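So you can see what is in the structure, the chains are spelled out below.
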2 protein chains.
Amino acid sequence: MVNIQFAEEFYMANEALKHFRPTQASIPPREVNYRLQLPSGVPVHIHALNPLAFLLRAAQVYPNKLALVHPDVPHPVIYSYGVWTQRIQNFAYALIQAGIKPADRIAIIAPNIPAVAEAYHGVLGARAVLCAINTRLTHGEVAYILEHSESKLIFVDHEYTHLVKGAKVPVIVINDTGREDDPYEQFLTSGRKFSGERGWPGLEWERDEDAPCALNYTSGTTGRPKGVLTTLRGSYLAAIANAYETGMGRDSTYLWILPMFHASGWCYPWAITFAASAQICLRSVSYPHIWHHLLNSRVTHYCGAPTVQIGLINAPQARRLDRPVHAIIAGSAPTAHLIGELEKINIIPIHVYGLTETYGPSTKCYYQPHWMSLSLEERAKLLARQGHSFATAEDARVVFQPKEGDSPDAPLVDVPKDGKTMGEIVFRGNIVMKEYFKDPEATRKAFRGGYFNTGDLAVWHPDGYIAVQDRSKDIIISGGENASSLAIEQELAAHPDVLEVSVVARPHPKWGERPMAFVILHPQKAAKWKGRHAEFEQDLKKHARGRLPGFACPEWVSVVDELPKTSTGKIQKVQLRKLVAKL
Amino acid sequence: MVNIQFAEEFYMANEALKHFRPTQASIPPREVNYRLQLPSGVPVHIHALNPLAFLLRAAQVYPNKLALVHPDVPHPVIYSYGVWTQRIQNFAYALIQAGIKPADRIAIIAPNIPAVAEAYHGVLGARAVLCAINTRLTHGEVAYILEHSESKLIFVDHEYTHLVKGAKVPVIVINDTGREDDPYEQFLTSGRKFSGERGWPGLEWERDEDAPCALNYTSGTTGRPKGVLTTLRGSYLAAIANAYETGMGRDSTYLWILPMFHASGWCYPWAITFAASAQICLRSVSYPHIWHHLLNSRVTHYCGAPTVQIGLINAPQARRLDRPVHAIIAGSAPTAHLIGELEKINIIPIHVYGLTETYGPSTKCYYQPHWMSLSLEERAKLLARQGHSFATAEDARVVFQPKEGDSPDAPLVDVPKDGKTMGEIVFRGNIVMKEYFKDPEATRKAFRGGYFNTGDLAVWHPDGYIAVQDRSKDIIISGGENASSLAIEQELAAHPDVLEVSVVARPHPKWGERPMAFVILHPQKAAKWKGRHAEFEQDLKKHARGRLPGFACPEWVSVVDELPKTSTGKIQKVQLRKLVAKL
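Residues numbered from 1 in each chain as written. Chains lettered and ligands numbered in written order. Predicted model: local features only at pLDDT ≥ 70, side-chain atom pairs only at ≥ 80, totals over all residues. Heavy atoms only, no water.

Asks: Give me the sheet that holds strand β19 (residues 452–460) of chain B: which residues, what numbers.
Replies: Residues and elements named next belong to chain B. The strand order β16-β17-β19-β20 describes an open sheet built from 4 strands, whose pairing is antiparallel. On the outer flanks of this sheet lie β16 (397–399) and β20 (466–471), each paired with one strand and no other. Neighbour to neighbour, the strand axes of the sheet diverge by 50 degrees on average, direction disregarded. Examined bridge by bridge, β19 and β20 share 5 bridges and lie antiparallel to one another. Paired with L457 across the two strands is D470, which belongs to β20. (Pairing = 2+ DSSP bridges. Helix = DSSP H or I, 4+ residues; strand = E, 2+ residues; numbered from the N terminus. Axes fitted to C-alpha atoms, helices over the stretch in contact; angles between N-to-C directions.)

Structure (structure tokens):
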């Protein structure tokens, strides 16, 4: 059996890479010292937690193992852990040469290319803070983030240079070629030169594990985006949990579908190095590329919102895989239909939940063995819940929301575990952000009662599983009753002709609000309903009446070709509400 | 397929337990709050690391899953995570009722019974420190440890009460019955009553993760035993590493062969709860019992020194297992013969290395995939090395030993990675003890150069793997050459008629020292050499000459029936040296 985990074998086994060999020029000398200089006076028995440690260890144990491959570009690159770690060292020195000081912010705007994965580690080598910016933002939004973060240096992919036009700090363009004449490669080379071959011992290990690690701006559906500041300690513990909870190890290969810029890529840049897994970059996240790698590159893990999974199972290339692949699903709960379809092609859904403020995923719907004997629908209902906190996270809770006039220090009270009483999910502990950067007021508000208040409404089931009902702003108040838009969507998605559905509140003269559903028809069923959308509407409403209480049945159904989505594939209900407001 | 991970199914599947059902009386109420009270003023984003968290989480996610079973006693017990966690809460309250204050030491002397596993968690609930004492010590040695540790309370198994005769602090006897009239059970019951059903929120979470966790006395071959003090933070990170590095998870079952009292049971009491695995206690560690569970109880993991593994493969019950079982091997390096025999019966050796001062194991011989294509002998040679540090540990190093007159602060210098130059293994970081309790002088000496100095001599191979050559005191200086007793043993063990061998230095008028080998013959070969030991000696010497340099060939060979061993199965060379001194 060819083991693609090792660079030599990988490019032999992979069609797209057959003609490419890792650059030998920068292979590090045999005796590499992977230990950074320790700050003075640290106790023998304490080493500040820092996810950079994972990379250094992977390089030490598996120098020749495949670390990263970037195959679907004109100039593919492939790096072993030994070579890749040297590139990251160069990155760190180049930052220092550029005058970057500890805690300075470094911005990067790029798709899922090697430079971003390198930045997640290289920035830590210089004790700086990475601010990865969403490529879908406008020039104005990017300008706001660059200014608010006070970024001292900007890395930008050649396709997105328009987003940083007029920036007042140095910009380094990444042509994504891996070739000598690439400005980004020149930057790395300058770092190597500047290092004077001092290696890792020429850099200093950050003394304080509570020091900032990354600054991630939330999409911010209302007002300005907020900067979520994470710590080295939190990133270290979150990365371990992500690797452990999804079963990643030395033989795993992670495919970059989820944007690397989103919530530190859910900490997978470090989960991958903790596990010494391989990673495949994808400049353009298209289904043909994804399927090519699922079929040919021995992918074992990827992350994605349900909408990504829906696209995946409906792509023409879709077929049963010859080994199990773990799909880490978050953003919204997978439907029974989706779970069934994924299982059919040997993709194992792992349902996780979290927010940018919790380092991405921090709960998992832990699979109980006796669920195996349940029907798909029963099982899917259980699997659609958000579950319990990760192994290294503190307990998530569901608490009563504050009442008018409550003190912000009032102790939080758990809702009963009855599967009915609605409350708000709150988190605390090592996998919660340190603060909203330069926004103590927002931090204070978010940290009411000594917990991070998510704004997600949920019930707590008798078996201890948390189940999100809705974002508090997505709840539909219909005739005085709270209708969960998520619960309605779950039921509508069970209609055999529905591919994807989103439900929002629409004002109603009598009931205050009523649900309105936006539906994408299944491609194979679109023809059936062509020109008969009114009939489909009746059919879907009938389907809903059999499954939902009257106040939760959609009053309006609109068949659409696509739904507005964020870069991670989350449906933007704020856009749907704007649409509704114009009706 | 019957899944034995769940209590109901376990005792149905297990002959020995068929007639026993978990006690329902103490099953906790449905809505258990597993959160201890937080100390005031802790930041929202930090929660002090503490391995007690793993148990609480396992109980929350899998309340009905099998946690612990104790089958081979007149009164077997079986606990689900929900029930077991309630027992541990009772333990904590009972300690507080008994006047135990944070950081007080609690002693326990017992074989691998449930009470010890409970103590490892219950003591943390009361913020106290567990001092588990070796059952093989003499009354005098135990008295020294009780006095030095200033233990405030002693738990003792009914078989070992003679060891604590005359103790000046309260003693609680464990009859190991799990029945109401057992003094230990009465202790737990008193805790439950004292709690007034305040539950976990009536206890306080330790604010300082650098607080002591356990106090483990080293066997101390010379002088008084030293008390190794570990921390909550270290135990938390070591437990995660042990679970991750050996692939433990929800479906794993750990068999207690290794004494629980040895170096906090190598942190497995917490690795098991981190992974939410099941554990099987063994009061009497006999091969028939071990084989019964390997064959019938779906064991997936156990720890043991090579000598335990040798006994295991040579037991009459030995046969090929129907699923892979992971044997975590430490104490000394497994020989090629042993690795081959284990693999034949589907036992996968995981070779780890560490000391009491490093929380038990803290390096692993990471398996490189290309080793698969090597011959057993080549592979075994590579696997016999100690490898690299665990995922959450800092780098182990091999450094030049201090020269006469060197300052204790002199920076340590790595030996070249040439596989030849001998140096000393040193460790630092989160998986190193805090100190030798009440012995600042010994601590200072052990922490020379800002690292823990192990006293183990090793070489560093070009592939970055560390390979122990010997304890510094076990090196044989023969004609000015350093001969590694371990290397000699490895070669002698390759003789087909040798079951086990140990080599020590014996004074020699001409060469200073020469190696003397103590050999146990393979049971099937003992008859062949009966009354012909002198011939066997010649045969073994001939074997040695073909494989070892002259100065390393044994000058004397003694065939013996058994070798002196510690409770973990490590051969006590100090006893052999005493024997040699009398020759």
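Asks: If you had to explain the UniProt feature "domain: AMP-binding enzyme C-terminal" (unreviewed entry) in chain A to someone new, which residues and values would you point to?
Replies: The feature "domain: AMP-binding enzyme C-terminal" (unreviewed entry), as annotated in UniProt, sits at residues 488–570 of chain A in this numbering. Here residues 488–570 of chain A runs as 27% helix and 30% strand, with 17 Å between its end C-alpha atoms. (UniProt positions renumbered as here; feature names shortened; annotations may be inferred.)

Asks: Give a detailed account of the packing of helix α3 (residues 81–97) of chain B against helix α4 (residues 114–125) of chain B, specifying residues and quantitative values.
Replies: All names here are of chain B. At their nearest, the axes of α3 and α4 sit 8 Å apart, and the two run at 60 degrees to each other. Judged by the angle between their axes, α3 and α4 are oblique. As for how α3 packs across α4, the hand of that crossing is right-handed. Counting all contacts with α3, which are made through W84, R87, I88, F91, A92 and L95, the residues of α4 involved are A115, A117, E118, A119, H121, G122, V123 and G125. Grouping the amino acids of the contact of α3 with α4 by side-chain chemistry returns 9 nonpolar, 3 polar and 2 charged. (Parallel < 35°, antiparallel > 145°, perpendicular 65-115°, else oblique. Left-handed = near helix turned anticlockwise from the far one by under 90°. Contact = heavy atoms within 4.5 Å. Nonpolar A, V, L, I, M, F, W, Y, C, P; charged D, E, K, R; others polar.)

Asks: Describe the domain arrangement of chain A, listing the residues and the values that go with them.
Replies: Residues and elements named next belong to chain A. Along its sequence, chain A is organised into domain 1 (4–22 + 46–280), domain 2 (305–472) and domain 3 (475–581). The interface of domain 1 with domain 3 comprises 7 residues on the first partner and 5 residues on the second. Summing both partners gives a buried area of about 460 Å² for domain 1 against domain 3, and 61% of it is carried by carbon and sulfur. Scanning the region where domain 1 abuts domain 3 turns up 0 salt bridges. Applying the counting criterion to the domain 1 and domain 3 interface returns 1 residue pair in polar contact (both at pLDDT 80 or more). (Domains from an automatic or database assignment. Buried area = accessible area lost by both parts, 1.4 Å probe. Salt bridge = Lys/Arg side-chain N within 4 Å of Asp/Glu carboxyl O. Polar contact = N/O pair within 3.5 Å; in protein donor to acceptor, adjacent residues only side chain to side chain.)

Asks: Describe the relation of the copies chain A and chain B, with residues and values.
Replies: Expressed as a screw transformation, the operator carrying chain A onto chain B has a rotation angle of 180 degrees and an axial translation of 0.0 Å, and the superposed copies differ by an RMSD of 0.1 Å. Seen this way, the second copy is the image of the first under a two-fold rotation axis. Looking at the rotation axis and the C-alpha trace of chain A, the residue lying nearest is A:Y244, at 3.6 Å. A symmetric contact is evident, with 100% of the interface residues of chain A recurring at the interface of chain B. (Least-squares fit on C-alpha atoms with pLDDT ≥ 70 in both.)

Asks: Now, about helix α10 (residues 306–314) of chain B: what can you tell me, with residues and values included?
Replies: All names here are of chain B. The buried count for α10 comes to 8 of 9 residues, which makes it a mostly enclosed element. Those residues of α10 that fall on the buried side of the exposure criterion are P306, T307, V308, Q309, I310, G311, L312 and I313. Close packing links the buried residues of α10 with α9 (287–296), β11 (301–304), β12 (325–329), α11 (336–344), β13 (347–355) and β23 (498–508). (Buried < 20%, exposed > 50% of the residue type's maximum accessible area, 1.4 Å probe, protein only.)

Asks: Explain α11(B) residue by residue, including any values.
Replies: Residue and element names in this part refer to chain B. Every buried residue belonging to α11 is among L338, I339, G340 and L342, and all of these are buried. Buried residues in α11 make contact with β11, α10, β12, β13 and α12 (376–383). Once α11 ends, the next one or two residues include N346, with phi positive near 75 degrees.

Asks: Which residues make up unusual backbone geometry, and what values go with them?
Replies: Positive phi values are uncommon outside glycine, yet A:A276 reaches one of about 55 degrees. For A:A276, the position within the fold is in the loop between α8 (268–274) and β10 (278–280). Backbone geometry at B:E197 places phi at a positive 55 degrees, although glycine is not the residue there. For B:E197, the position within the fold is in the loop between α6 (183–195) and β7 (212–217).

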